[in-house]
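# Reading the structure
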Amino acid sequence: MTGSAAYGEHWAEVYDEWFGRLDDTEYAVAVLAELADGREALEIGPGTGRLTLPLARTGIEVTAVEASPSMARKLRDKVVDEPIRVVDGDAAVIQLAELGPAVGFGLVYLSCNTLFQLCTQESQVDCIARAAEALRPDGVLVVEASVPDVALLHSGSKHGVRQVGADRVAITQIRVDVATQRQVTTTVVLDGGPPTVLPVVERYISPAELDLMARLGGLGLGERWSGWEGRPFDSRSTGHVSVYSR
């Protein structure tokens, strides 16, 4: 099972509770709708549809490729009459170009570190290459990802309390291996019953490495912001939204 599939199987039951109402969702949907410009979109790693559903409600047809059967099932259960097609598959292996119109997708996007969940450089490069192949000549690829935390890379690990409630506490530990660029995040939820363990295994990459992967796929960087709100990307940014095209 790939990293993205394993993540989905562990997190599917709590994904909406933890991530269903992120503050930047409205901004993200507005940006994606503008970039799609009425053309068909491909989302890699939609989860339970945080961006998929509202983007489709703007009139954009969305094909959503999800590696986790549990995530895909939850997304399908939410679709009523939105123009959404959910496809089960690993984005590093599946031929994405075969899923869309003959002219290609106008927009391909990966949000929330989805690319990191492909846990080898080879699989990440393959995913970007397949995404590039799936684009129209004038299409765009959008990747949202975190910037590696320099302090964490030096220390190798950190831990802290992620959530505190009247009857629940969630504790998270992050461990990194700079030799492999592997990051393992383990969240343990204590609520009076048996502990719930929610792991995430990722291979983090810098914006510069992502740019190189895109270049190998025939794409160049057009825009980079520190988030969906469009603020400038600089040395203080902890994340980025990067837009690539031919």
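In short, a report on the structure. (Residues numbered from 1 in each chain as written. Predicted model: local features only at pLDDT ≥ 70, side-chain atom pairs only at ≥ 80, totals over all residues. Heavy atoms only, no water.)

## Some thoughts on the environment of Pro-83
As for its position among the elements, Pro-83 is in the loop between α5 (69–78) and β3 (84–88). Owing to a relative accessible area of 32%, Pro-83 belongs among the partly exposed residues under this scheme. Sequence separation of Pro-83 and Ala-56 is 27 residues, and the distance between their C-alpha atoms is 5.9 Å. (Helix = DSSP H or I, 4+ residues; strand = E, 2+ residues; numbered from the N terminus. Buried < 20%, exposed > 50% of the residue type's maximum accessible area, 1.4 Å probe, protein only.)

## Examining the sheet that holds strand β8 (residues 182–190)
What links the strands of a sheet is backbone hydrogen bonding, and the strands pair in either a parallel or an antiparallel sense. One open sheet holds the four strands; their spatial order is β6-β7-β8-β9, and the pairing between them is antiparallel. The sheet terminates laterally at β6 (157–164) and β9 (196–203), the two strands that pair on one side only. Taking the axes of each pair of neighbouring strands and ignoring which way they run, one obtains an average angle of 15° across the sheet. In terms of strand pairing, β6 meets strand β7 (residues 169–177) through seven bridges, oriented antiparallel. Looking across to β7, one finds that Gly-160 is bridged to Thr-172. (Pairing = 2+ DSSP bridges. Axes fitted to C-alpha atoms, helices over the stretch in contact; angles between N-to-C directions.)

## Overview of the packing of helix α6 (residues 121–133) against helix α8 (residues 207–216)
Between α6 and α8, the least distance of the axes is 8 Å, while the angle of their chain directions is 55°. As judged from the angle between their axes, α6 and α8 are oblique. Handedness of the α6/α8 crossing: right-handed. Every residue of α8 that contacts α6 at Gln-121, Gln-124, Val-125 and Ile-128 is listed here: Glu-209, Leu-210, Met-213, Ala-214 and Leu-216. (Parallel < 35°, antiparallel > 145°, perpendicular 65-115°, else oblique. Left-handed = near helix turned anticlockwise from the far one by under 90°. Contact = heavy atoms within 4.5 Å.)

## A word on the sheet that holds strand β11 (residues 239–245)
Reading across the sheet, the seven strands line up as β3-β2-β1-β4-β5-β11-β10 and stay open at both edges, with mixed pairing between neighbours. Whereas interior strands pair on both sides, the edge strands pair on one side only; in this sheet they are β3 and β10 (220–225). Taken pair by pair, the neighbouring strands of this sheet meet at an average axis angle of 20°, ignoring direction. Taken together, the five bridges between β10 and β11 define a ladder with antiparallel strand orientation. Paired with Leu-221 across the two strands is Tyr-244, which belongs to β11. Lying over the sheet, α6 contacts β1 (41–44), β4 (105–110) and β5 (135–146), oriented at roughly 145° with respect to β5. Those strands touched by α8 are β5, β10 and β11, and its axis lies near 15° from that of β11.

## Re the nonpolar core
Core analysis: the largest hydrophobic core is formed by 31 residues, its most contacted members being Leu-42, Ile-44, Leu-96, Val-108, Leu-115 and Leu-141. Listing elements by their share of this core, those giving two or more residues are β1, β4, α6, β5 and α8. Not counting chain neighbours up to four residues away, the residues in contact with Leu-96 comprise Leu-42, Ile-44, Val-65, Ala-91, Phe-105, Cys-127, Arg-130, Ala-131 and Ala-134. With 25 residues, the next largest nonpolar core counts Val-31, Leu-51, Ala-56 and Tyr-109 among its residues. (Core = buried A, V, L, I, M, F, W, Y, C linked by side-chain atoms within 4.5 Å.)

## Comments concerning the packing of aromatic side chains
Between two aromatic rings, the relevant description is the distance of the centres plus the angle of the planes. The tally for this structure, following the rule as stated, stands at three aromatic pairs. Three or more aromatic residues link up through ring pairs in this structure, and these residues are Tyr-7, Trp-11, Tyr-15 and Phe-19. Against the face of Phe-233 rests Arg-224, its NZ or CZ located 5.8 Å from the ring centre. (Phe/Tyr/Trp six-rings, centres within 6.5 Å; stacked < 30°, edge-to-face > 60°. Lys NZ or Arg CZ within 6 Å of the ring centre and 35° of its normal.)

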